[in-house]
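Commentary on secondary and tertiary structure
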Amino acid sequence: MTQPLTATLRFVGHTSPQVIAASESISALLGFAAAQFLDGSVTWTALVHLDDQDITERLFAEDRQPAQRSCNIRLRHQDGRIRCVKLDYRWEQPDAQPAVLELQLTDEQAQQALAENEHRFKTIFDQLPAVSVQGYNRARQVIFWNHASEILYGYTREQAMGQRLEELIIPQPMRQAVAGFVTDWTNGGSAIPAAELTLQNAKGQPVEVFSSHVMFTDTQGEPEMYCVDTDISQRKQADQGLRASESFLRTIIDEIPDPLVLKDQQGNFLLCNQATARLYNTTPAAMVGKHDGDFGVPQDLADAMRKSTLAIMARGVADIVFEDSRDAATGELRHYRSIKKPLKDCNGQDQILVVAQDITDVIRVQRQLKESELRLLHVLEVTRESIWDWHLPSGTVQHNRQWFEALCYAEGEIASTMQSFVSLIHPDDRAQVSQRINDLLEGTVTQYNSEHRMLRKDGQAIWVRDRGQVVQRDAQDKPERLVGSFTDITLQKAQQQYLERIAHYDDLTDLPNRVLLADRMHQAMLQAKRRGTRIAVVYLDLDGFKAINDRHGHAMGDRLLAEIATRLKLVLREGDTIARLGGDEFVAVLVDLADVDDSLALVDRLLQGASHPTVLDDMTLNVSASMGVSFYPQTDDTDADQLLRQADQAMYGAKLAGKNRYQLFDAEHDRTLRVKNESIGRVHQALAQQEFVLYYQPKVNLRTGKVVGAEALIRWQHPERGLLAPAAFLADIEGHALGIALGEWVISTALQQIETWSAQALNLAVSVNIAAHHLQQANFAKRLTSLMAAHPRVPHGQLELEVLETTALEELDAVVQVMLECAQLGVSFALDDFGTGYSSLAYLKRLPAHTLKIDQCFIRDMLDDPEDRAIVEGVLGLAKAFSRQAVAEGAETQAHCKMLLQLGCDLAQGYGIARPMPAEQMPQWCANWRPDPAWGRTSVTRCDADAAGQGTAVIVLAKASS
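Residues numbered from 1 in each chain as written. Predicted model: local features only at pLDDT ≥ 70, side-chain atom pairs only at ≥ 80, totals over all residues. Heavy atoms only, no water.

**Quick word on the sheet that holds strand β2 (residues 18-22)**
Put simply, the rule reads: Two strands qualify as a pair provided that DSSP identifies no fewer than 2 bridges between them. Only runs of H or I of at least four residues qualify as helices and only runs of E of at least two qualify as strands under DSSP, and these elements are numbered from the N terminus. Axes here mean lines fitted to C-alpha atoms, for a helix over just the part in contact, with angles spanning 0 to 180 degrees between N-to-C directions.
In spatial order, the strands read β2-β1-β5-β4-β3; together these five strands make up an open sheet with antiparallel pairing. At either end of the open sheet lies a strand with only one pairing partner, and these are β2 and β3 (68-76). Taking the axes of each pair of neighbouring strands and ignoring which way they run, one obtains an average angle of 30° across the sheet.

Here it is, written out as structure tokens:
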């Protein structure tokens, strides 16, 4: 066993002490020979540190109290270094002789080295970026959480402390089992073996680690489990290194505990930890109530420790003492630096707390520390991490062996300068790497993370994942030292690029697929907006491909597709895109077009490229293409999906037109159809939500003043646009099935109103306008029968249907039959807008219409236009000749009414008489209305107004605009 370095000096005298003896070991301790002390060439006071001169003064004081003691003192070595040594002194007073002072000096440098090395190890241990260490108590609560754990699991030390292991990083399915394993181990059961585990971070994301575990008993005798986790997400092959790291870290942790005891005033044990029990080869419980001598400590040592303990209790002041104890198991004498703190229990009894630090054999400690450092280097070696250490003030960068090997260099072949380090970064990546490092140095981020390329010695670039952090700062808190490491991820990058390739490109033709096409279209649309240009989207479908595929097989079909794809690529310009959607469908995106015509040459070339004969295995295969083309931008906002659908729609048009051609999408026509469809949908909704109402315009006898009927006119009570006239919506549903539904609603509502007025003693005939396609339905008469059956109180002959003259003449025989069937129901007909159609006398004779309605355009202008007046007179003549009742539309003023009477037309309706009104206003209006007295003085110039109403003319005002 190696003993601490000790030297002895003996002095005589007080005022001018002289050295009378010096041991030869003084040379090893202070560098001066013993003879130099004896001949006076080296003096004691010259070696003592200025701040410790008071110790010298007390040593040689006259009172010499106490006679012996220990203390620490700093002495100057021959080489100028200051060494801290332990000084034990003793005064002797031989009979009749001068007093002699003996100084025993013991080297204390081992203690300082141990503290420094412990601090250095703790710093490395806490800041090592690749090794996560956590400690847990018996309740599985966190008691230690190093910086690497913060990085690996995403919890800060403050967030993690006190949290349970299973709630912090253990996935839900594993929690119960892990808790059971840990509880079993802490209770003396089987240890948890090191293993590769899938844990989770603060975000719930999986973390692949190699986890090692060690159980340690703290100073209170409580078990503490330490987990050493290494991230193996990118390097599972390093499991052997991780096991070595686990073994190394477990060894270090096992060496950390120090003995701790609590003694009573007699020096008996009240409490001790496991480290103390191991020293005495017993258990903590067995030591309570006993003293050191009961466990094999020699009596002299036991008495000395008890004496020291009692003395410190008596003084009541904490002290640091150096004492020895013998290991009960090995018999080895060990040396301790003990901190003894006197205190009192709750009953006021003296106690003393002792924490002993083992300082046995400085050389052994140094050797163990060196071994620890070698083990740490071994861990770093086997992790295969390429480590770099940048010292900013000097600009030097140190690397480990793996760093050089990863780049195919021999150790030391690259200069340890930042310039050499940067030169190995790929030129295209240097700027971004520099920016990321600057962000770390400026404090924008706390961790440096980068994926970039490094250049090997052979010139080949490899992808690395580089990580680092600031581990040392100067007094101004500026970074002084950065430590980091990189991992070769070239294989992962290649795999990632492969996956991206198959995700965005068609495997058969190597053309962009639908996913990449969507992105290219989006970029092209943005570019067109910025540049004020246009793009064309060409949807291409091969004609005749299926027949070739069926006849020659899929393999031949695939070769044909690949060959056509190659030709289509050659046709396009740089910047254009050709993609395969699947099967025999392709899409081209043509960019930077000035106008539509600018694309047509390219479209023709695409058509020719697809249609060109293809020779495969001495067979000539012929297909053609049908293509649809849409353009961007358009008047309406259009997205990429709409453009593609438009081109697809146009492509089908090209197929229907005969194939082997292209067709341009008509955006304006499509917009019109969409607007009409939207309008139809809104009308359908309005009908369902009962937003339509009927207004009624009275029909009167201008001569007698009698109200003879009313015309039902539909209105839309729009919730946002207000009351809308028919012109605002009827045109959109013309010819649509919705028009029939709306027409039946009008008939049903008019019948209901007739019933209501009849109940109020107001007998008015109501005329309803019927659309052509409605009247021409095969079941029109049957449906009308059903509607009238639903309103049995409607008087016979009170419903009149108005049809356009042109409608009646389109399907004359069918219309005549419908009119005859309706007449049997008591429903009469009027020919609306008479005079604007053929006005054939033969047709008029065949049609069973009771009323002719002269179009408002003739009535409106008859005051000023003789020809319009002549037409009105002609219609009135026809009505009289065919025994029809004539109705004229357009009595807008009093002058119109007067002129109508002059022409012999008694019946009229129009704005000059009354505007269309809601049904509830009609009874009051009918009761109050009177004709202008001036009309009664009008003489009839044409069309006799007698014969019980035969030949009576009724003029209806501006129905379409009403």
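Once the structure has been displayed, the description carries forward.
**Describing helix α32 (residues 866-881)**
What counts is decided by this rule: Helices are assigned an expected span. That span is 1.5 Å times one less than the residue count. Burial classification: accessible surface area is computed with a 1.4 Å probe over protein chains only, and a residue below 20% of its type maximum counts as buried, one above 50% as exposed, and the rest as partly exposed. Of all possible arcs, the one meant is that of the directions from the helix axis to the C-beta atoms. Under this definition, polar contacts are N or O atom pairs within 3.5 Å; protein pairs additionally need one hydrogen-donor-capable and one acceptor-capable atom, and for neighbouring residues in sequence, both atoms have to be side-chain atoms.
Taking 1.5 Å as the rise per residue, α32 with 16 residues should run 22 Å; its terminal C-alpha atoms sit 22 Å apart, in good agreement. For α32, the full list of buried residues reads Asp 868, Val 872, Val 875, Leu 876, Leu 878 and Ala 879. Down the axis of α32, the buried set is contained in an arc of 160°. They therefore lie on one face. Residues of α32 that are exposed and point more than 90 degrees away from the buried face comprise Pro 866, Glu 867 and Ala 881. Capping the start of α32 is the job of one residue whose side-chain oxygen sits 2.9 Å from the backbone nitrogen of Glu 867: Asp 865. Backbone geometry just downstream of α32 places Ser 883 in the positive-phi region, at approximately 55°.

**A closer look at the sheet that holds strand β10 (residues 223-231)**
In plain terms, the rule: Two residues form a contact once any of their heavy atoms are found within 4.5 Å.
Across the sheet, five strands lie side by side as β7-β6-β10-β9-β8; this open sheet has antiparallel pairing. The open sheet terminates on both sides in strands that have one partner only, identified here as β7 (142-145) and β8 (195-200). Going across the sheet, the axis of each strand differs from the next one's by a mean of 35°, ignoring polarity. Summarising the sheet, strand β6 (residues 131-136) and β10 pair through six bridges and their orientation is antiparallel. Residue Gly 135 lies in a different strand from β10, and its bridge partner there is Tyr 226. Packed onto the sheet, helix α9 (residues 175-186) meets β8, β9 (206-217) and β10 and runs at close to 20° relative to β9.

**Focus on the environment of Leu 491**
Mapped onto the fold, Leu 491 is located in helix α18 (residues 490-504). Sequence separation between Leu 491 and Ile 462 is 29 residues; the distance between their C-alpha atoms is 9.1 Å.

**Re the environment of Gly 628**
By the secondary structure assignment, Gly 628 is in strand β26 (residues 624-632). In this structure the C-alpha to C-alpha distance between Gly 628 and Gln 663, which are 35 residues apart in sequence, comes to 5.0 Å. Discounting chain neighbours no more than four positions away, the residues touching Gly 628 are Val 537, Val 538, Tyr 539, Ala 647, Ala 650, Met 651 and Gln 663.

**Digging into the confidence of the model for the chain**
The following threshold applies: Per-residue confidence from the predictor is reported as pLDDT, which spans 0 to 100.
Here the chain averages 84 in pLDDT, and 87% of its residues register 70 or above. Here strand β38 (residues 953-956) stands out as the element of the chain with the lowest mean pLDDT, 34, in contrast to strand β37 (residues 917-918), whose mean of 96 is the highest. Predicted confidence is poor over residues 246-256, with pLDDT under 50, and the contacts of this stretch with residues over four places away or in other chains come to 23 contacts. The low-confidence segment residues 938-962, where pLDDT is below 50, has 98 contacts with residues more than four positions distant or belonging to other chains.

**Topic: unusual backbone geometry**
Residue Pro 633 follows Tyr 632 across a cis peptide bond; omega there is 5°. Structurally, the position occupied by Pro 633 is in the loop between β26 and α23 (640-656). The backbone of Asn 281 sits at a positive phi, close to 55°, despite the residue not being glycine. Of note, Asn 281 is situated in the loop between α11 (274-279) and α12 (284-287). Residue class for Asn 281 comes out exposed when judged on its relative accessible area of 55%. In the Ramachandran plot, Asp 618 falls in the positive-phi region, its phi being about 65° despite a non-glycine side chain. Within the secondary structure, Asp 618 is located in the loop between β24 (614-616) and β25 (619-621). For Asp 618, a relative accessible area of 80% corresponds to the exposed category.

**Quick word on the pairing of strand β27 (residues 661-664)**
Keep this limit in mind: Note on handedness: a clockwise path from strand one over the helix to strand two, with the strands aimed away from the viewer, defines a right-handed crossover.
Where β26 meets β27, four bridges bridge the pair, whose relative direction is parallel. Its bridge partner lying in β27, Met 627 is registered against Tyr 662. Crossover β26 to β27 through α23 is left-handed.

**Quick look at the packing of aromatic side chains**
For the record, the criterion: Two aromatic rings, drawn from Phe, Tyr or Trp (for Trp, its six-membered ring), form a pair once their centres lie within 6.5 Å of each other, and the interplanar angle then sorts them: stacked below 30 degrees, edge-to-face above 60, tilted otherwise. The rule is short: NZ of Lys or CZ of Arg within 6 Å of the ring centre and within 35 degrees of the ring normal puts a charge over the ring.
The final tally for this structure, using the stated rule, is 18 aromatic pairs. Taken together, a centroid distance of 6.5 Å and an interplanar angle of 75° make the contact between Trp 145 and Tyr 155 edge-to-face. One end of the pair, Trp 145, is in strand β7; the other, Tyr 155, is in the loop between α6 (147-153) and α7 (157-160), with ten residues separating them in the sequence. For Trp 145, a relative accessible area of 0% gives the class buried. Geometrically, the ring pair formed by Trp 388 and Tyr 448 is edge-to-face, given 6.3 Å between the ring centres and 70° between the ring planes. With Trp 388 in strand β16 (residues 386-391) and Tyr 448 in strand β18 (residues 448-455), this pair connects stretches of sequence that are 60 residues apart. The buried category is assigned to Tyr 448, whose relative accessible area is 2%. One aromatic cluster is present, formed by Trp 388, Trp 403, Phe 404, Phe 421 and Tyr 448 through successive ring pairs. The aromatic ring of Trp 463 is capped on one face by Lys 493, whose charged end is 4.5 Å from the ring centroid. Directly above the ring of Tyr 911 sits Arg 915, whose terminal nitrogen or CZ lies 4.1 Å from the centroid.

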